[in-house]
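Read off the chains here:
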Amino acid sequence: MSTYRDFAHRGSARATVLKTVGTKERRSHLSAPRVPTVGIDIGGTKVMAGVVDADGNILEKIRTETPDKSKSPKVVEDTIVELVLDLSDRHDVHAVGIGAAGWVDADRSKVLFAPHLAWRDEPLRDAIASRLVVPVMVDNDANTAAWAEWRFGAGRGEDHLVMITLGTGIGGAILEDGQVKRGKYGVAGEFGHMQVVPSGHRCPCGNRGCWEQYSSGNALVREARELAAADSPVAHYLLDRVKGNIPDITGPLITELAREGDAMCIELLQDIGQWLGIGIANLAAALDPSCFVIGGGVSAADDLLINPARDAFKRHLTGRGYRPEARIAKAQLGPEAGMVGAADLARLVARRFRRANRRRVERYERYAQIYDQAASTIRNTRSTRTGD
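Residues numbered from 1 in each chain as written. Predicted model: local features only at pLDDT ≥ 70, side-chain atom pairs only at ≥ 80, totals over all residues. Heavy atoms only, no water.

The protein is annotated in an unreviewed UniProt entry as Glucokinase of Streptomyces durocortorensis. UniProt annotates the protein under Sequence similarities (unreviewed entry) with the comment "Belongs to the ROK (NagC/XylR) family." (UniProt positions renumbered as here; feature names shortened; annotations may be inferred.)

Structure, rendered in structure tokens:
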């Protein structure tokens with residue numbers, strides 16, 4: 001089984017950096033080579049890497065903590081390379097796809113900005129490709145998650161899909177006719193920073209009233225902690241669970257208590273869900289997709305979140321009652337969606353890499369054949385002259 005280290009000693013071997021072509025994604029994935037690829041999902045707290053086959057099955061995955069954002073970009077690159085090399089010891093990997101929590105340029109070569117990492121105009125694709133001998137693809141993590149859900153999850157069969165990822169903030173992605181819509185500059189889908197409340201809560205992006213300040217993990221935790229800090233009677237059970245230590249209040253804990261029937265936690269999730277539905281109605285007015293897929297950590301609340309979102313969507317949808325309504329579905333692939341999608345998108349690059357290598361080999365074989373024929377002719381000529 002070949003690995004990256006098998007090729008490391010070849011001084012002439014360099015990673016071939018290829019631009020994937022979004023305009024042919026729909027056709028390309030059907031004819032992409034059925035080879036294993038590595039997907040990398042880089043978030044604010046963890047880096048997850050996995051080997052994924054052509055059917056979206058995870059053959060192996062490993063994870064580590066995300067380096068602190070004060071660390072240099074090279075530290076993150078070292079982490080990515082170490083994970084890939086570790087997996088390549090046990091798997092024959094043909095390409096690497098990276099889903100990054102940040103803005104990725106239209107060429108999918110640079111991370112323009114990542115809020116949780118020291119990446120500013122970072123040429124991530126070239127930096128990683130120069131250290132490996134397989135092609136590398138970089139994309140926004142919401143785009144890779146949406147691609148995975150369209151290929152293998154809740155969005156299968158949909159021609160117009162919008163994905164909303166609810167985590168610390170809100171991410172998003174748009175797929176039309178099997179093509180990820182990245183926009184002119186590569187940063188389409190940043191739905192979380194649509195302003196829904198003028199002069200509302202301050203957002204880390206610098207604006208006020210952004211959607212993610214009302215429908216995200218941060219919003220959920222903020223509201224719960226404010227009630228707890230005010231010693232509200234409705235927060236009594238929650239305070240008991242954290243023994244009065246308000247910083248211990250987390251989104252998963254709120255979801256757990258809501259499932260146990262705590263009225264305040266149920267209400268908080270309903271509020272988040274209602275804001276989610278309002279935002280989705282706005283997106284439906286602009287994009288008119290057939291399906292919205294809801295993913296991210298907050299989506300683990302299931303119907304406690306999704307049902308209020310559906311209700312609010314129907315109440316706020318423009319032209320309600322006189323137009324088809326988009327389906328709202330929970331993502332199926334869970335936290336591995338970004339990793340699976342990155343690996344699958346990388347498979348498109350692997351095909352082009354293999355074709356380029358095949359043409360190169362064929363060219364070398366032709367040159368070798370010509371050289372052998374010329375050498376044979378020279379030998380025959382010399383033999384004839386010697387005989388004379």
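We are not done yet, so read on.
*Asks:* Provide a residue-level description of the overall build of the protein, including the pertinent values.
*Replies:* A count of helical and extended segments in the protein gives 11 helices and 13 strands. Here the protein holds 388 residues, and 49% of them are scored as buried. A sequence separation of at least 24 residues applies to 66% of the contacts in the protein between residues at least 6 apart. On the protein, roughly 18,700 Å² of surface is accessible, and the fraction owed to carbon and sulfur atoms is 49%. (Helix = DSSP H or I, 4+ residues; strand = E, 2+ residues; numbered from the N terminus. Buried < 20%, exposed > 50% of the residue type's maximum accessible area, 1.4 Å probe, protein only. Contact = heavy atoms within 4.5 Å. Areas by Shrake-Rupley, 256 points an atom, 1.4 Å probe, with all protein chains shown as cover.)

*Asks:* Describe the sheet that holds strand E6 (residues 111-113), naming the residues involved and giving the relevant values.
*Replies:* With antiparallel pairing, 3 strands are arranged side by side in an open sheet as E5-E6-E7. Edge positions in the sheet fall to strand E5 (103-104) and strand E7 (120-122), since each has one partner strand and no second. Across 2 bridges, the pairing between E6 and E7 is antiparallel. Across the sheet, residue Phe113 finds its bridge partner in E7, namely Arg120. (Pairing = 2+ DSSP bridges.)

*Asks:* Outline the pairing of strand E8 (residues 136-140), supporting the account with residue identities and numerical values.
*Replies:* Counting buried positions along E8 yields 5 of 5 residues, so the element is predominantly enclosed. Here 5 bridges tie strand E4 (residues 96-100) to E8, and the two strands are oriented parallel to one another. Among the inter-strand pairings, Gly99 is bridged to a residue of E8, identified as Asp139.

*Asks:* Give a description of the pattern of salt bridges that names residues and reports values.
*Replies:* Where charged atoms from two side chains of opposite charge come close, those side chains can pair. Summed over the entire model, instances satisfying the criterion amount to 17 salt bridges. Arg90 is paired through a salt bridge with Asp86; the nearest N and O atoms lie 2.9 Å apart. Judged by its relative accessible area of 37%, Arg90 falls in the partly exposed class. Between Arg222 and Glu223 there is a salt bridge whose closest N-O contact spans 3.2 Å. Residue Glu223 is classed as partly exposed on the basis of its relative accessible area of 29%. Taken together, the shared-partner salt bridges in this structure form one network comprising Glu60, Asp86 and Arg90. (Salt bridge = Lys/Arg side-chain N within 4 Å of Asp/Glu carboxyl O.)

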